[in-house]
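# Remarks on the overall topology
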Amino acid sequence: MVPTVITTAEELAPYHESSFVPTMGALHAGHFALIEAAVATELPVIVSIFVNPTQFGPDEDLDRYPRTLEQDVMSAGRYGADVIFAPDVESVYPTDDAIDVPSLPDVATQPRLEEKVRPGHFEGVLQVVARLFDLVRPRYAIFGEKDYQQLLSIAAMVDEAYESGRWGELDILGHPTERDLDGLALSSRNQYLNAHQRARALGLNRALKAAINTTSPDEGESQMKKILRAHDVRPDYAVIRHAETLMPIDSLDEPARALIAARVDDVRLIDNGPVRE
Ligand code: AMP
């Protein structure tokens, strides 16, 4: 079915208590898996498509980020989306409407991870997600483990807001990372890679696979860095952290997660996976 496309907050009123999948568009099978998970809740499914300027740094790819709205509407519909919310920047951030932006939870500010490498990134993410939750008022919101730090940060933000009743009854659902057959995590940014760069990008998944059976966080981190180097991929970080707090850990007695952000020339990719699953 072709979904209803709406662009203003007012039009959202009939769709509160939905299952919500926020995206920046250029939809791929990773997003479709989230839409299918939303369909499984048996509530109406809203997909937002909004390239949020406040989560991009000044030297990042906001201008060249792929925008494919018509195609996205059709494909989201095929996977069961009922409504596409595609607002413009003014509708999300009206100048006369102050947005209460939650403070960053500890999980978003751990040393050497995303917010440290991209200052302001999670502030922008939490700002837009909080704003979208205010407008959409969903019952469920589904996010990918592909953006693991984002998923934990949003879950922490929603937990923190629970007492205030800001978003009522809202559950955050995580969904595993969808990959191409060769293991590359699906991402809208993969479109920037040429064939040679794409082959090098497989270093991320190979590094994560090596980390699964490692003996210690230190050992795992050096294995990952070695594999990234061998693929000519430059890490912003390649670390093993506590799977829930993202704090540095000394041993693998605790639940652990391997997290990588790395650059293939000017294309920045992120991926993560379990350790000792
Ligand atoms: P984005 O459009 O990149 O902002 O992503 C929108 C949502 O899709 C986020 O919750 C992402 O974590 C999720 N997502 C992106 N890529 C994947 C993937 N390969 N597998 C699962 N979820 C994904």
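Refer to the structure printed above.
So, here is what we can say about the structure in this document.

What counts, and where the lines are drawn
- Residues numbered from 1 in each chain as written.
- Predicted model: local features only at pLDDT ≥ 70, side-chain atom pairs only at ≥ 80, totals over all residues.
- Heavy atoms only, no water.
- Core = buried A, V, L, I, M, F, W, Y, C linked by side-chain atoms within 4.5 Å.
- Buried < 20%, exposed > 50% of the residue type's maximum accessible area, 1.4 Å probe, protein only.
- Helix = DSSP H or I, 4+ residues; strand = E, 2+ residues; numbered from the N terminus.
- Phe/Tyr/Trp six-rings, centres within 6.5 Å; stacked < 30°, edge-to-face > 60°.
- Salt bridge = Lys/Arg side-chain N within 4 Å of Asp/Glu carboxyl O.
- Expected span 1.5 Å × (residues − 1).
- Arc of directions from axis to C-beta.
- Contact = heavy atoms within 4.5 Å.
- Polar contact = N/O pair within 3.5 Å; in protein donor to acceptor, adjacent residues only side chain to side chain.
- Pairing = 2+ DSSP bridges.
- Axes fitted to C-alpha atoms, helices over the stretch in contact; angles between N-to-C directions.
- Patch = residues over 30% accessible without salt bridge, like charges linked within 9 Å, V, L, I, M, F, W, Y side chains within 5 Å.
- Areas by Shrake-Rupley, 256 points an atom, 1.4 Å probe, with all protein chains shown as cover.
- Lys, Arg positive; Asp, Glu negative; His and termini not counted.
- Charge placed at Lys NZ, Arg CZ, Asp CG, Glu CD.
- Parallel < 35°, antiparallel > 145°, perpendicular 65-115°, else oblique.
- Left-handed = near helix turned anticlockwise from the far one by under 90°.
- Nonpolar A, V, L, I, M, F, W, Y, C, P; charged D, E, K, R; others polar.

Taken as a class, soluble globular proteins show a tendency for nonpolar side chains to be buried jointly. Counting 31 residues, the largest nonpolar core has Phe133, Ile154 and Ile172 as the members making the most contacts within it. When residues of this core are traced back to their parent elements, those giving at least two are β4 (83-85), α5 (121-136), β5 (140-144) and α6 (148-161). It is α5 that contributes the most residues to this core, ten residues altogether.

In total, this model carries six aromatic pairs according to the counting rule given. With a centroid separation of 5.4 Å and 80° between ring planes, the pair formed by Phe133 and Trp167 is classed as edge-to-face. With Phe133 in helix α5 and Trp167 in the loop between α6 and β6 (171-175), this residue pair connects regions lying 34 residues apart in the sequence. On the basis of relative accessible area, Trp167 is assigned to the buried category, the value being 6%. Taken together, the aromatic side chains of Phe20, Phe133, Phe143 and Trp167 make up a single cluster linked through ring pairs.

A complete count under the given rule lists 16 salt bridges for this structure. The partner of Glu114 in a salt bridge is Arg268, and the shortest N-O contact between them spans 2.6 Å. Of this pair, Glu114 sits in helix α4 (residues 114-117) while Arg268 sits in strand β9 (residues 267-275), placing them 154 residues apart in sequence. The class for Glu114 is buried, based on a relative accessible area of 4%. A relative accessible area of 16% places Arg268 in the buried class. Ionic contacts of the salt-bridge type, sharing partners, join the residues Glu60, Glu114, Arg118, Asp236, Arg263 and Arg268 into one network.

With that out of the way, let us pick up helix α8 (residues 217-230). For α8, built from 14 residues, the straight-helix expectation of 20 Å at 1.5 Å per residue is met to within 8% by its first-to-last C-alpha distance of 20 Å. Within α8, the full set of buried residues consists of Pro217, Gly220, Glu221, Met224 and Leu228. Axial view of α8: buried residues confined to an arc of 100°, hence all on one face. Opposite the packed face of α8, turned more than 90 degrees from it, sit the exposed residues Asp218, Lys226, Arg229 and Ala230. On its buried face, α8 sits against α7 (195-212), β7 (234-242) and β8 (256-264). At the C-terminal side of α8, Asp232 shows a positive phi close to 60°.

This part covers the side chain of His231. Looking at the secondary structure, you find His231 in the loop between α8 and β7. Given the relative accessible area of 16%, His231 is considered buried. Among the polar contacts listed, one links the side chain of His231 to the backbone oxygen of Ile227, at a separation of 2.8 Å. Not counting residues within four places of it along the chain, the set of residues in contact with His231 comprises Ala199, Arg200, Leu202, Gly203 and Arg206.

As a further point, take the sheet that holds β9. Within the open sheet, the three strands sit side by side as β7-β8-β9. Their pairing is antiparallel. Because the sheet does not close on itself, it has two edges, and the strands there are β7 and β9. Between one strand axis and the next, the sheet turns through 10° on average, direction left out of account. Here β8 runs beside β9; their pairing, made up of nine bridges, is antiparallel. Bridged to Ile260 within β9 is Asp271.

Positive charge collects at one region of the surface, where Arg112, Lys225, Lys226 and Arg229 lie side by side. Along the chain, the position of Arg229 falls in helix α8.

What follows deals with the packing of α7 against α8. Packing of α7 against α8 brings their axes to within 8 Å, and their N-to-C directions diverge by 155°. What the angle tells us is that α7 and α8 run roughly antiparallel. Where α7 crosses over α8, the two elements pack in a sense that is right-handed. Between α7 and α8, the residues in contact are Gly203, Leu204, Arg206, Ala207, Leu208, Ala210 and Ala211 and Gln223, Met224, Ile227 and Leu228, respectively. Here the residues of the contact of α7 with α8 are counted per class, giving eight nonpolar, two polar and one charged.

Strand pairing in a sheet is mediated by backbone hydrogen bonds. Such pairs are either parallel or antiparallel. As summarised here, the arrangement of the six strands in space is β1-β4-β3-β2-β5-β6, forming an open sheet in which the pairing is parallel. The two strands at the open ends of the sheet, each matched to only one other strand, are β1 (4-6) and β6. Recorded for the sheet is a direction-independent mean angle of 25° between the axes of neighbouring strands. Across three bridges, β1 lies against β4 in parallel orientation. If you follow Val5 over to β4, its bridge partner there is Ile84. Each of β2 (19-23), β3 (45-49), β4, β5 and β6 touches α5; the most contacted strand, β2, lies at about 145° to it. Along the sheet, α6 makes contact with β5 and β6, crossing β6 at roughly 165°.

The analysis is restricted to geometry; functional conclusions fall outside its scope.
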